Amino acid sequence: MTFADLRRRLGGPSLAAGLSMGAYCLALAIHGTYPFGGRSRAVNDLGNQFVPYHAHLWDLMHGNTTGDLLFNWNSGYGAPFLADFMAYLMNPFSWLVGLFPREAVNFPVFLVTLLSIGLGAAVMTVFLQRLHPGAAWLRGLLGAGYGLCAWVLNDGSPDPMWMWGLVSLPLVSLACDWCLREKRWVLGTLVVAVAWAGNFYTGAMATIGAGLVLLLRVALTWTGWRAALRVLGRAASMVVVGVLVTAPVILVSLKASRASQPAPVARYEGAPGLTDYLAQLLPGGRSDHSVPNIFIGVLGLVLVASLPFNRRVRVWERVGWYTLLVLVGLSFVWTPTILLWHGLAIPNGSPYRAAFVLSGLLTMAAWVSLARRPDTPALLGGAGLTALVLVLGRGHHSSVRPSTYLLVLAGGALVVGALWALQKDDRRLRQGVAVVLTLGVLAGSTYAAYWATVLRDRLDFFKPRETISASSTEAYRVIRGAEDWPHVRTDPGPHEFASNDPLLLGGEGGSYYSSYLPAVTAQLLHDLGAGWFIEGRHTLSPGDPVGKALFGVTTYLDSSSAPAGFTPKRAEAAPLVTLRPNAKPDTSSVWARQQSLLGSTVYEVPKLTPVAGPAPTLHGTSGWSVPPTPRGGVWTTFTGSCTPGSTAYLYGPWFNGNVLGLGAKYASYGRQPMTAMPIRELGTVPADGQIKVALQTDKGSQVPAQPVGCLLPGALPKALAQLKGVSQVRSSGHGLDAVLPAGASGTALVSVPATQGWVCSVDGGSWAAPQSVQGLIGVPLGQGAGRFSCTFRTPGLNPGLAVSGGALAVVAGVALVTRLRRSRGQAGADR
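Residues numbered from 1 in each chain as written. Predicted model: local features only at pLDDT ≥ 70, side-chain atom pairs only at ≥ 80, totals over all residues. Heavy atoms only, no water.

## Section: empty space enclosed by the protein
- Summed over all chains, the structure comprises 10 cavities of 30 Å³ or more.
- Its volume calculated, the largest cavity comes out at about 190 Å³.
- Looking at the largest cavity, it is lined by 18 residues, and the ones nearest its centre are Pro 80, Ala 256, Ala 259, Gln 756 and Pro 795.
- Elements that contribute at least two residues to the lining of the largest cavity include exactly helix 3 (82–88) and helix 11 (247–258).
- Residues that form the lining of the largest cavity fall into these classes: 12 nonpolar, 4 polar and 2 charged. (1 Å grid on protein atoms, 1.4 Å probe; cavity = no way out; pocket = protein on both sides within 12 Å on 5 of 7 lines; lining within 4 Å. Points joined across faces, edges and corners; volume = space filled by probe spheres on them. Helix = DSSP H or I, 4+ residues; strand = E, 2+ residues; numbered from the N terminus. Nonpolar A, V, L, I, M, F, W, Y, C, P; charged D, E, K, R; others polar.)

If you want it as structure tokens, here you go:
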């Protein structure tokens, strides 16, 4: 291949990648957003979730953590990790994080988005050539519009793992094109596998979109049922085998999902109005409510609008593409097909996560028109249809803003004029038009990306929030300096910098935010008085001394008014592994559950009596219903008595209102089942032993039947001293070994959640799943045990590897047979 051939092949994709990445960077630089300014990258709490994941990936790459790909000792006091890795870190660009310093982990996360934009635009440019031959630079301009489509700017960029979907759609479309041409089945299968492995969620969406395009192309090139079935059968087998190659990803994720804390129930609120939907075709705005984000820039918009009027395109081809666009657009707003696009579950957040597929189809339809060089009537028709969409959308002020009018009117005039000039035979004029149109696409894409970023930052959900900072770097140093795993834990909570501080800062904390957070972990921490968000999909570290002691936390970070925002503190704690007699636990209250695991009585639980304010109602063991407090009225007040000098704590996980008692006053934001508040300290019980707790709530709320516990003076240190530990404990990436004292019996209690996948062996015996002791790992020792070992085996991994191996064997067999046939054919030709 000559240099000219290489330039001809790479020119269009390079232009698309350069324009899309350049426009994105320019928009961020003008806005002053990281990494081009002082503002943090505009990410929400979900975005902050992924920076810590990349920090943990850096640790794995550099041997800087206690866990491995199978298990994460840092989060949730020990949690499976492979499903998280596959969901959040399989975008190949995520692996660049290892090339940068750990304290600069924000930057490679930014690169994941940036490089996915560039690669997606480039691959789309290549596919457009397969769709219909045409000038590379024109394909590159449309590819750039796809790379910076509205989905990227509003949905994809805050969630870097989804950005692989932008690459997958044109990539799988290329594989389907090979099926149409009946070649490269093996390579197409591997392409499908790459799409699904990089992110199976968006990979599935991309596969559906590419399949719909293939069906349309088969219909438009119809040569009979036999040929059509041969092409479709080839494509179906390619997709099935490609997906089976990624079986470990799918089966591990499926098992983890089934064992995870259930997501909040999401309901589709209904379709946007027709004019609201059409307004999303217009760049330069951003809706303040959930709609499909689909614009692809002014050039693509005008060309899609010109397609019905382009007489150089066959009538049935125009009808086919518009029918496909309408059907896919409708499928985004009909509940059964929304479920199909999103893996049979209405997603929390936007129900239009597959919108990049429609953006890709719009780009393809635009090229179908542009490749046939629309004449003047077609351009005028496209301009008129674009103007009609602008007029129809004028009432939707969040989507159609002054920036939208400026971009569509000025950009539309430039596009129509430039495309009209391209009809002339003057070479110098055409070259000038190419420069002007390229600069126009760059300017328009930058402008649209800038306004999408500005408008996104104005929404409370997307407030910029710094993840890596001087304070978090100092916290990382403190945690690393105090590390003594597996003897005790060092918890970066309860203070929070981001949504996954243990991944970001190291240590071994209870905080964990993941779609695959095990239900066992969430329920365990909740039962022991820790808080949670998102119905338990985001757990927090315990803030009370007994809760920290149960999990072996000797060093932790507490929020304070210090310059760094936190203060390191020390505490007494139980060892990671303790020996307990077999006993039935008391689970009647949070205080009883803590004491059962501790093996000693450390709390005094007072009987509370309502004495003032709106009278609460006690529903047996279910708890108290606290009625609304009248405006300016007396708060609902309870009294009780405890030993003087003890420390009183309140546990009101679902209470929403204000709390006042023993000098403490704080707001409680509980909301069942979404947000659970942790155990909170009220203060020291005075000399008369009387406790008074006042509760104020606007709409009525609830507290447990025994909401107050008094930690007796000196009781916790005494209880910890009585615990019987093991002689030695060692941990590996996903396992634990403990040497027991002579004559050990009863149960070895490991302060690690008993998630599905753990198996244990005593004295080299057979492996078996451990007991669950109130959610913790319990290993029955029998009599006179000397040691035990536990290891974590990822559910679904071995079957997934077996299926994947079989699929790869099929791919290898097909490749071998194809090679032999070619060799025989060549030999026959030589004879």
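## Re the pairing of strand 23 (residues 728–731)
- Two elements, strand 23 and strand 24 (residues 735–753), share 4 bridges in a ladder whose sense is antiparallel. In the strand pairing of strand 24, Ser 731 is matched with Leu 736.
- Taking the residues between adjacent antiparallel strands as the criterion, strand 23 and strand 24 are bridged by 3 residues. (Pairing = 2+ DSSP bridges.)

## With respect to the state of the cysteines
- For the structure on display, the rule yields 2 disulfides.
- Each bonded cysteine of the chain is numbered by sequence order, and under that numbering the disulfide pairs are 1-2, 3-4.
- Of all cysteine sulfurs in the structure, the one in Cys 149 sits closest to Cys 25, which takes part in no disulfide; the separation is 16 Å.
- A relative accessible area of 0% means that Cys 149 is categorised as buried. (Disulfide = S-S within 2.5 Å. Buried < 20%, exposed > 50% of the residue type's maximum accessible area, 1.4 Å probe, protein only.)

## What about the sheet that holds strand 7 (residues 553–559)?
- Spatially, 3-7-8 is the arrangement adopted by the 3 strands of the open sheet, whose pairing is mixed. Edge positions in the open sheet fall to strand 3 (489–494) and strand 8 (566–570), since each of these has one partner strand only. Strand-to-strand twist across the sheet, computed as the mean angle between neighbouring axes with direction ignored, equals 20 degrees. (Axes fitted to C-alpha atoms, helices over the stretch in contact; angles between N-to-C directions.)

## Here we look at helix 10 (residues 225–245)
- The first and last C-alpha atoms of helix 10 sit 30 Å apart over 21 residues, in line with the 30 Å expected at 1.5 Å per residue.
- Ala 227, Ala 228, Val 231, Ala 235, Met 238, Val 239, Val 241, Gly 242, Val 243 and Val 245 are the residues of helix 10 that are buried. (Expected span 1.5 Å × (residues − 1).)

## Focus: the packing of helix 13 (residues 298–306) against helix 18 (residues 402–421)
- Put simply, helix 13 and helix 18 touch, their axes get as near as 9 Å, and they point 65 degrees apart. Like other packed secondary-structure pairs, helix 13 and helix 18 cross with a definite hand, here right-handed. Along its contact with helix 13, which presents Val 298, Leu 299, Val 302 and Leu 303, the element helix 18 presents Leu 407, Val 408, Gly 411, Gly 412, Val 415, Val 416 and Leu 419.
- Here the residues of the contact of helix 13 with helix 18 sort into 9 nonpolar, 2 polar and no charged. (Left-handed = near helix turned anticlockwise from the far one by under 90°. Contact = heavy atoms within 4.5 Å.)

## Brief notes about the packing of aromatic side chains
- For the structure on display, the rule yields 26 aromatic pairs.
- Centroid distance Tyr 450 to Trp 451: 5.6 Å. Interplanar angle 80 degrees. Geometry classified as edge-to-face.
- Exposure remark for Tyr 450: the relative accessible area of 23% places this residue in the partly exposed category.
- Note on Trp 758 and Phe 792: the rings are 5.7 Å apart at their centroids and 70 degrees apart in plane angle, and the pair reads as edge-to-face. In this pair, Trp 758 is assigned in strand 25 (residues 758–762) and Phe 792 in strand 27 (residues 776–792), connecting sequence segments 34 residues apart. Residues Trp 758 and Phe 792 agree in their burial class; the two are buried. (Phe/Tyr/Trp six-rings, centres within 6.5 Å; stacked < 30°, edge-to-face > 60°.)

## Focus on the environment of Cys 760
- Mapped onto the elements of the fold, Cys 760 is located in strand 25.
- Sequence-wise, Cys 760 and Ala 279 are 481 residues apart; in three dimensions their C-alpha atoms are separated by 59 Å.
- The contact partners of Cys 760, leaving out residues within four places of it in the chain, are Ser 766, Trp 767, Ala 768, Pro 770, Ile 777, Val 779, Ser 789 and Cys 790.

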